[in-house]
Structure formats: C-alpha cells, structure tokens
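# Coordinate inspection notes
Each chain, written out:
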Amino acid sequence: MIESVDIDFGLENVWKSWFDFRKGKKSSSEIEWFEYNLERELAKLSTELMDGSYHLQKYRQFMVYENKKRLITVAAVRDRVVQRLVYNYLLPIIDPQLTRDVWSCRPGKGLLGAITQTQNLLRHNPNGAIVRFDVKQFFASIDRNILLKLVKCKIRETKALGLIQLIITENTQLPVGIPIGNLTSQILANLYLNELDRYILFQIKPLGYVRYGDDGLLVLGTKTEANQVLQLVNYFLLEKLKLALNPKNTKICLVKAGAHFLGVEIFSTGLRLKSRVLKEMWENLSAETLSSYFGVVKTKGTSKNMRYLRWRTVGLTD
C-alpha cells in the first residue's frame with residue numbers, strides 16, 4: 001500500500017508533536033531554553049517545514065556501554081520535535097505492514113511481551129531447536145539507498161518523502177547507517193527488517209519467531225534444520241539488505257537448554273533476569289520507568305528482586 005495523504009506541517013500539528021515529544025522527558029538546559037522560547041521556536045519550525053528551508057542542526061554524539069558498545073547520536077530539541085512529527089505520520093502507515101512477530105517500538109507490544117512470547121514458543125516446542133541471531137552494528141550498517149526505496153514503496157507524497165530523505169541523509173558522517181538515537185530510526189529500522197521478517201514468515205516458515213530490534217529468535221524442529229535456516233538468514237541479510245550477523249551473539253541450541261535472549265535466560269518452565277538487565281534497571285529507576293520495571297520484575301524476576309525494587313522506590317512517587 002502506498003500512502004496518499006501528505007504530512008501536515010501546520011502549527012497545530014507542530015504543537016502536538018512538541019507535547020508528544022515533551023511527555024515523560026527529563027528537563028535539561030536545552031529543553032528548558034526551547035520551552036522558554038516555545039511559541040517562537042514552534043512557529044519558526046512550522047514555517048521552515050512548509051517553505052522547505054528546514055535543515056537539521058548538528059548531532060551530539062556519545063558512547064554507551066551496555067551489552068555492547070553503541071555510539072548514540074542525539075539531535076537538537078527542535079529536530080526531535082520534527083522527529084516526533086514524522087514518527088506520528090509514519091506509524092499508522094508502517095506499523096500495519098509489519099508482521100505479528102515484531103515486538104520493538106510498536107503500540108501494545110514491547111520488551112515484556114517479546115519475553116513472554118518467547119517463553120510461550122519454547123513451552124509449546126520442548127523438543128525443538130533455537131536459532132538466536134543478532135545483526136552486527138545494525139543501525140550503523142543500514143544501506144540508505146535500500147531504506148529510501150522501501151520508504152518510497154509506502155509513501156509517494158512529495159513533502160513527506162523530502163523530509164524523510166533529509167532526516168536519513170543530512171549531517172551523517174558515514175556513507176551508510178542512520179542515527180541510533182533518532183525516534184524515526186526505530187520505526188524505519190522495523191521497515192528495513194520487515195523484509196527479513198516476511199522472508200522468515202512466508203519462506204522459512206519456522207515453528208515460531210520473535211524479533212525485538214536487531215535481535216531475533218527462531219524455533220525449528222531439529223538442530224540440523226536450525227543450521228540450515230541460519231545459513232538462509234545470513235544469506236538473505238547479506239544479499240538483500242547488505243547486513244551481517246554478529247557471530248558472537250548468534251547461537252544454535254536446543255529448546256531444553258533454554259535461550260539467552262533480550263537480557264533474560266528463558267526456559268520452557270521459567271526464566272531468570274540477567275544481572276546486567278537488573279543493574280540497568282536500578283540505574284535508570286525513576287517515577288517514569290517505575291511502572292514498566294515493576295511489571296518486568298514482578299513477572300520475570302525473583303522475590304529478592306521485588307523486595308529490592310520496593311525498597312528502592314520508597315518515596316519515589318511522593
């Protein structure tokens with residue numbers, strides 16, 4: 001399906017994008033300055049978007065060290081408002097095109113749902129085999145020409161296409177890749193890997209499949225079949241999307257041995273949160289994250305984890 005409704009650059013929609021962006025964000029000096037000059041800045045944004053003079057400001061970059069080293073690229077506040085505007089436009093177009101197996105950056109889904117679905121797949125296929133894969137340097141390796149072709153398969157309106165192309169290509173220092181910190185990068189990444197998802201669903205036809213971001217897990221009947229499927233997935237990524245698997249995080253094992261996936265040790269009979277995931281939760285605990293973290297720990301953690309969470313959150317929401 002090609003979208004026939006163009007993007008709205010009107011001031012009312014820019015204001016809505018600001019409120020969507022601002023919701024749940026911690027204050028910073030940049031956000032406070034923008035908020036102090038809000039009416040002027042939003043009016044300027046709307047005008048620039050409508051007359052075609054809008055350009056992205058320089059990105060701020062920093063490195064984070066979690067499960068793996070990642071270069072995070074953060075846009076200026078005004079550009080993040082535009083990112084939200086584009087995201088709101090793209091979501092109802094792209095999300096319905098995705099398969100049911102994709103759990104990242106989608107309304108009504110998320111990490112907890114992906115973990116639960118994975119455990120359900122293992123429970124229903126106790127004698128099967130698992131392929132767990134991770135795409136090597138995914139965001140930094142996305143071919144922008146391929147991505148733009150995929151976008152044009154969904155959208156044909158000039159204003160929308162022009163802005164999306166600007167976001168994908170402007171102020172990038174490398175010939176490939178998109179900034180991992182952009183909100184639009186998350187939904188565009190799902191569009192990019194939708195090609196792999198559909199290949200897996202309709203050509204490979206595994207017993208089960210879950211993808212969250214650039215991490216994927218397939219359930220097959222036997223270990224021999226799993227080895228064959230891994231070769232097919234690797235070939236498809238290389239030939240069609242110019243991506244490669246990360247050998248360090250790509251594994252084949254039996255369902256009865258469980259799977260280390262999405263920061264959790266998942267078994268057909270239960271699961272255990274990894275210490276790395278718990279450490280990240282404690283470091284990022286706030287009034288905004290409390291509800292989602294509580295759900296993960298309550299359903300996936302131990303009683304000791306829950307007691308510690310309750311102790312840490314005393315007075316947090318007062």
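Up top is the structure.
Overall, antiparallel pairing links the four strands, which are arranged β4-β5-β3-β6 in an open sheet. Sheet topology places β4 (208-212) and β6 (251-254) at the edges, where each strand pairs with a single neighbour. Pairwise comparison of adjacent strand axes, ignoring direction, gives a mean angle of 15° for this sheet. For strand β3 (residues 129-134) and β6, the ladder comprises four bridges, and the chain directions are antiparallel. Note on β6: the bridge partner recorded for Val131 is Ile252. The strands touched by helix α9 (residues 183-204) within the sheet are β3, β4 and β5 (215-220), with β4 carrying the most contacts at an inclination of about 170°. The sheet contacts of helix α10 (residues 223-241) involve β3, β5 and β6, and relative to β6 the element is tilted by about 165°.

A negative phi holds for most residues other than glycine; trans holds for most peptide bonds. If you check the backbone angles, Gln137 has positive phi at about 45° while not being a glycine. Structurally, Gln137 can be placed in the loop between β3 and α6 (138-141). By relative accessible area, Gln137 is classed as exposed at 59%. Even without being a glycine, Lys242 presents a positive backbone phi close to 55°. Here Lys242 is to be found in the loop between α10 and β6.

Evaluation of the coordinates by the stated rule reveals eight salt bridges. A salt bridge links Arg80 to Glu30; the shortest N-O distance between them is 3.8 Å. One end of the pair, Arg80, is in helix α4 (residues 77-94); the other, Glu30, is in helix α2 (residues 29-36), and 50 residues separate them in sequence. As a salt-bridge pair, Asp143 and Lys242 come within 3.6 Å of each other at their nearest N and O atoms. With Asp143 in the loop between α6 and α7 (144-154) and Lys242 in the loop between α10 and β6, the pair connects residues that are 99 residues apart, well separated along the chain. Taking relative accessible area as the criterion, Asp143 reaches 11% and is therefore assigned buried. Using a relative accessible area of 54% as the deciding quantity, one classes Lys242 as exposed.

Glancing now at the side chain of Asp95. With respect to the helices and strands, the residue Asp95 is situated in the loop between α4 and α5 (111-124). Excluding residues within four positions of it along the chain, Asp95 makes contact with Leu90, Arg106 and Pro107.

The first and last C-alpha atoms of helix α8 (residues 158-169) sit 16 Å apart over twelve residues, in line with the 16 Å expected at 1.5 Å per residue. For α8, the complete set of buried residues consists of Ala160, Leu161, Leu163, Ile164, Leu166, Ile167 and Ile168. Against the buried residues of α8 lie α3 (38-51), α4, α7 and α9.

Most of β4 is tucked away, with four of its five residues classed as buried. Here β4 pairs with β5 via five bridges, running antiparallel. Across the sheet, Tyr212 pairs through a bridge with Asp215, a residue of β5. Linking β4 back to β5 in an antiparallel pair, the connection comprises two residues, with Gly213 at a positive phi of about 65°.

For the pair α3 and α4, interaxial distance at closest approach is 11 Å and the crossing angle is 60°. By the angle between their directions, the pair α3 and α4 is classed as oblique. Handedness of the α3/α4 crossing: right-handed. Residues Glu41, Leu42, Lys44, Leu45, Glu48 and Leu49 of α3 touch α4, and the partners they reach there are Arg78, Val81 and Val82. Classifying every residue of the contact of α3 with α4 by side-chain character gives five nonpolar, no polar and four charged.

Quick look at the packing of aromatic side chains now. Aromatic rings in a pair are described by how distant their centres are and how their planes are angled relative to each other. Taken as a whole, this structure holds five aromatic pairs when the rule is applied. Through pairs of rings, three or more aromatic residues link up here, namely Trp18, Phe21 and Phe34. Against the face of Trp103 rests Lys109, its NZ or CZ located 4.2 Å from the ring centre.

Reading the values: the criteria
Along each chain, the written sequence defines residue order, and numbers are assigned to residues from 1. Local features in this predicted model are restricted to residues of pLDDT 70 or higher, and side-chain atom pairs are both shown and tallied only at a pLDDT of 80 or more, whereas totals for entire chains, interfaces and linings draw on every residue. The side-chain values count all of the structure's non-hydrogen atoms but skip hydrogen atoms and water molecules. Criterion used throughout: strands pair if DSSP finds at least two bridges between them. The helix count covers DSSP runs of H or I at least four residues long, the strand count covers runs of E at least two residues long, and both are numbered beginning at the N terminus. Angles here are taken between N-to-C directions and fall from 0 to 180 degrees, while the axes themselves are lines fitted to C-alpha atoms, restricted in helices to the stretch in contact. Note on definitions: a residue-residue contact is assigned when non-hydrogen atoms from the two residues lie within 4.5 Å. Throughout, exposure labels follow a simple rule: accessible area from a 1.4 Å probe, protein chains only, divided by the maximum for the residue type, with under 20% read as buried, over 50% as exposed, and the rest as partly exposed. Any Lys or Arg side-chain nitrogen located within 4 Å of an Asp or Glu carboxyl oxygen qualifies as a salt bridge. Take the residue count of a helix, subtract one, and multiply by 1.5 Å to get its expected span. These descriptions rest on fixed angle ranges, namely under 35 degrees for roughly parallel, over 145 for roughly antiparallel, 65 to 115 for roughly perpendicular, and the rest for oblique. Note: crossing handedness is left-handed where the near helix turns anticlockwise from the far helix by less than a right angle, and right-handed where it turns clockwise. Under the scheme applied here, ten amino acids are nonpolar (Ala, Val, Leu, Ile, Met, Phe, Trp, Tyr, Cys and Pro), four are charged (Asp, Glu, Lys and Arg), and all others, including Gly, are polar. Two rings from Phe, Tyr or Trp (for Trp, the six-membered ring) form a pair when their centres are within 6.5 Å of each other. A pair whose planes differ by under 30 degrees is stacked, one over 60 is edge-to-face, and the rest are tilted. Placement of a charge over a ring requires the Lys NZ or Arg CZ to be within 6 Å of the ring centre, with the centre-to-atom vector within 35 degrees of the ring normal.

From the geometry alone we can't say anything about function, so treat these as descriptive.
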